[in-house]
Amino acid sequence: MADSAIDRLARATPSSLARRVRGLSDRAIAWVFVTPTILLLLAINIFPLIWTVRLSFTNFAANKPNAEVKWVGLRNYTRILTDPDIWQTMQATAHFLFWTLLFQVVIGFSLAWLINRKFRGNDLLTTLIVLPMMLSPAVVGNFWTFLYEPQIGLFNYAVEFFTGIPASSFSMLGSVTLAPWSIVIADTWMWTPFVMLICLAGLRSIPDYIYEAAEVDRASKWRQFWTMTVPMVLPFLMLAVLFRGIENFKMFDLVVQLTGGGPGSTTLLTSIELKREAFEKWRTGYSSAYAIILFVTVFGLASIYVKALNKVKER
Amino acid sequence: MSAWSVTEPSARSKGIAAVLVILYTVITLLPLVWIIATGFKTGPDSISYPPKVIFEPSLEGYVNLFTDRTRATPEQLAAMPPPENFVDEIVQRRGEVITQPSKFGERFLNSVIIGFGSTFLSIFLGTLAAYAFSRFRVPLKDDLLFFILSTRMMPPIAVAIPIFLMFRQLGLSDTHLGMILLYTGVNISLAVWLLKGFIDEIPREYEEAALIDGYTRLQAFRKVVLPQAATGIASTAIFCLIFAWNEYAFAFLLTSGTAQTAPPFIPTIFGVGGKDWPAVAAGATLFLLPVMIFTILLRKHLLRGITFGAVRK
């Protein structure tokens, strides 16, 4: 076509102008679209975090907003780290974390492995098994106190039915030795499906031809399981443990409904202790420091763990 | 797969697996079945020993759930007109009178308002942000997943302290608006991340074709991207709704009256003398049932939602 430069310019100018009027530029759209979300995150996530850090260096108490606020430096931190009660709650949390993760990994993986036998109806069963983890932990936890009632509770009755130990002879929530296990059982019931679902995704990601090759090489089923199945599911399993670990470290709703930290302080997990300090004793500065310590702990552990996870993935 | 495959489990191993999985399913569903069953028991039936599996169903639990009652004296009962409906009949048979409707309806409605409000806001803002993150060069893009994870590491109680102070300053304590904003703030990073995954899967060529046809970016976003992302948006919305619906810690600490949701309320249901388990179970059933239905609808995208998009399939 024999278009002169001027002709082309004449046609180009109005259309690009029109475009400017009709629609925003990509850059502007990007900013308009992202800004509200960023502002909300700043207001609800970042700003409170900074405020918590600030409060952790003071003796502020939220129930006395007019009292004089003093800077106390690192005193809150040193008091927490030298407090034997805090170490006791850490121990309770560690017990809870260790056993819930162990049970959920073992049961979750086994279930996934069984479901992966691809028998008829496995989809329906998977959906049914998953139900408990989608429900409100507080409402379900509250109901579990009924199941754990001595004499009338379904759990105690089932124990009596299968082992012969009288249902009224023990109280899961009232006994110092049994209470830590009562929360482990309820949490395992609720969250095993989570680990199962992730393991199932891992098992299904293993291509069939690997097993076919192993059959040709006459590797035994046992050997196939340990040298192929387990290593290939491991990254998935580790991811599940990461999520459950973080969630259970800050566990609140289920356990506060089940035992509320008792009897004594046998099931006093860190989050429940934090609630007592912050909203019952109203030691806002002290509990802010405690919150920061917990956050740094999880953050540190999770970072190390993610590094390990990435190494496993690369293999 | 060929007709005969070495990787296909044998019929026997399938059978054993099926039996074991069915056994687990039955055990794991027992507490849920028990909640639903207890809701239809009478008070004495609910606390009988041994636990009653077969019982005469009653709506007593549901009546108690929705009403506040008090014990009536025999003279009062004798003076009352004969019961007009099943509600009066159930209450009178137990020698009680209804004083007022209970707070359950209100609390349930609060859960609905706050749940849907925050879900709508999360999805509206989240879809916009996710599109920008997916299609444009935006700063902080790579840190997003890490950011989501780290906001989830903070115990809710820890965040609740400054939020509590902030809401008190702004007059947002115990208001619907405050809770909607809070849950949106909690959910939005997850929503953006999940939606970005769904939008990433829509080929850019569709939009580019639309742009060449003379659509503006915004038109292409509205008429090409949004319809394509509809399934993803719907499942993300259900996730946000379930998280907001189930949330307990913030609701427990920051609401007490007008904006209290159902999870902190249900455990506080008491009868005329002590814990009224059929009423608690009835409330739990009404509260949990919608989530069960949503879970079944959502089953294909479940994994993606609960792992924050880390596992896709």
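Residues numbered from 1 in each chain as written. Chains lettered and ligands numbered in written order. Predicted model: local features only at pLDDT ≥ 70, side-chain atom pairs only at ≥ 80, totals over all residues. Heavy atoms only, no water.

### Remarks on the overall build of chain B
At step 1: Per the secondary structure count, chain B includes 16 helices and two strands.
At step 2: Its C-alpha radius of gyration of 25 Å places chain B more than 25% over the 20 Å reference for a compact globule of 313 residues.
At step 3: On the principal axes, the C-alpha backbone points of chain B span a range of 85 × 65 × 40 Å.
At step 4: Across the 313 residues in chain B, those meeting the buried criterion constitute 54%. (Helix = DSSP H or I, 4+ residues; strand = E, 2+ residues; numbered from the N terminus. Rg over C-alpha atoms; globule rule 2.2 N^0.38 Å. Buried < 20%, exposed > 50% of the residue type's maximum accessible area, 1.4 Å probe, protein only.)

### Considering the packing of helix 8 (residues 179-204) of chain A against helix 10 (residues 221-249) of chain A
All names here are of chain A.
At step 1: One can describe the packing of helix 8 onto helix 10 by two numbers: an axis separation of 9 Å at closest approach and a directional angle of 145°. Relative to helix 10, the crossing made by helix 8 is right-handed. Between helix 8, through Asp187, Trp191, Phe194, Val195, Ile198, Cys199, Ala201, Gly202 and Leu203, and helix 10, the contact on the second element is made entirely by Thr229, Val233, Phe236, Leu237, Ala240, Phe243, Arg244 and Asn248.
At step 2: Considered class by class, the residues forming the contact of helix 8 with helix 10 number 12 nonpolar, three polar and two charged. (Axes fitted to C-alpha atoms, helices over the stretch in contact; angles between N-to-C directions. Left-handed = near helix turned anticlockwise from the far one by under 90°. Contact = heavy atoms within 4.5 Å. Nonpolar A, V, L, I, M, F, W, Y, C, P; charged D, E, K, R; others polar.)

### Let's talk about the pattern of salt bridges
At step 1: Evaluation of the coordinates by the stated rule reveals 16 salt bridges over all chains.
At step 2: Members of the salt-bridge network, linked through shared partners, are B:Glu60, B:Arg69, B:Arg94, B:Glu96 and B:Asp276. (Salt bridge = Lys/Arg side-chain N within 4 Å of Asp/Glu carboxyl O.)

### Considerations on unusual backbone geometry
It is generally the case that most residues other than glycine have a negative phi and that most peptide bonds are trans.
At step 1: The peptide bond linking B:Tyr49 to B:Pro50 adopts the cis configuration, its omega dihedral lying at -5°.
At step 2: Checked against the element boundaries, B:Pro50 lands in the loop between helix 2 (43-46) and helix 3 (60-66).
At step 3: Phi is positive for A:Gln151, close to 75°, though the residue is something other than glycine.
At step 4: Among the structural elements, A:Gln151 can be located in the loop between helix 6 (137-147) and helix 7 (154-163).
At step 5: Its relative accessible area of 31% is what places A:Gln151 among the partly exposed residues.
At step 6: For B:Asp174, which is not a glycine, the phi torsion comes out positive at approximately 55°.
At step 7: Mapping B:Asp174 onto the fold places it in the loop between helix 8 (156-170) and helix 9 (176-200).
At step 8: Here B:Asp174 falls in the buried class, since its relative accessible area comes to 17%.

### Quick word on the domain arrangement of chain B
All names here are of chain B.
At step 1: The domain boundaries assigned to chain B delineate domain 1 (43-102) and domain 2 (105-306).
At step 2: Between the C-alpha centres of domain 1 and domain 2 there is a distance of 38 Å.
At step 3: Taken residue by residue, the interface counts 11 residues in domain 1 and 12 residues in domain 2.
At step 4: Summed over both partners, the interface of domain 1 with domain 2 comes to about 940 Å²; 69% of that surface belongs to carbon and sulfur atoms. (Domains from an automatic or database assignment. Buried area = accessible area lost by both parts, 1.4 Å probe.)

### A closer look at the packing of aromatic side chains
All names here are of chain B.
At step 1: Here the structure, examined in full by the defined rule, presents 37 aromatic pairs over all chains.
At step 2: A ring pair is formed by Phe108 and Trp245, whose centres lie 5.5 Å apart and whose planes are at 90°; its orientation type is edge-to-face. Of this pair, Phe108 sits in helix 6 (residues 104-135) while Trp245 sits in helix 12 (residues 230-246), placing them 137 residues apart in sequence.
At step 3: By relative accessible area, which is 22% here, Phe108 ends up partly exposed.
At step 4: On the basis of relative accessibility, which here comes to 7%, the residue Trp245 falls in the buried class.
At step 5: Chaining the aromatic ring pairs together yields one cluster made of Phe66, Phe104, Phe108, Trp245, Phe265 and Phe287. (Phe/Tyr/Trp six-rings, centres within 6.5 Å; stacked < 30°, edge-to-face > 60°.)

### Digging into a nonpolar patch on the surface
Residues and elements named next belong to chain B.
At step 1: Judged by side-chain polarity, Ile36, Phe40, Leu59, Phe86, Leu289, Ile293 and Leu297 come together as a nonpolar surface patch covering roughly 610 Å² of accessible area.
At step 2: Top element by residues in the nonpolar patch is helix 15 (residues 277-298). It accounts for three residues.
At step 3: When you line up the elements, Leu59 lands in the loop between helix 2 and helix 3. (Patch = residues over 30% accessible without salt bridge, like charges linked within 9 Å, V, L, I, M, F, W, Y side chains within 5 Å. Areas by Shrake-Rupley, 256 points an atom, 1.4 Å probe, with all protein chains shown as cover.)

### A short note on helix 6 of chain A
Since there are 3.6 residues in each turn of an α-helix, residues three or four apart along the chain are aligned in direction.
At step 1: Among the 11 residues in helix 6 of chain A, 11 count as buried, and that is most of the element.
At step 2: The complete set of buried residues in helix 6 of chain A reads A:Pro137, A:Ala138, A:Val139, A:Val140, A:Gly141, A:Asn142, A:Phe143, A:Trp144, A:Thr145, A:Phe146 and A:Leu147.

### Here we look at the interface of chain B and chain A
At step 1: Residue-level contacts link 104 residues of chain B with 98 residues of chain A.
At step 2: When the two sides are added together, the surface that chain B and chain A hide from each other amounts to roughly 8800 Å², 81% of it contributed by carbon and sulfur.
At step 3: Scanning the region where chain B abuts chain A turns up one salt bridge.
At step 4: In this structure, B:Arg217 and A:Asp26 form a salt bridge, with 3.1 Å as the shortest nitrogen-oxygen distance.
At step 5: Our enumeration of links across chain B and chain A arrives at 10 residue pairs in polar contact (both at pLDDT 80 or more).
At step 6: With 17 residues, the single largest contributor to the side of chain B that touches chain A is helix 1 (residues 11-39) of chain B.
At step 7: Looking at the side of chain B that touches chain A residue by residue, the classes come out as 78 nonpolar, 19 polar and seven charged. (Polar contact = N/O pair within 3.5 Å; in protein donor to acceptor, adjacent residues only side chain to side chain.)

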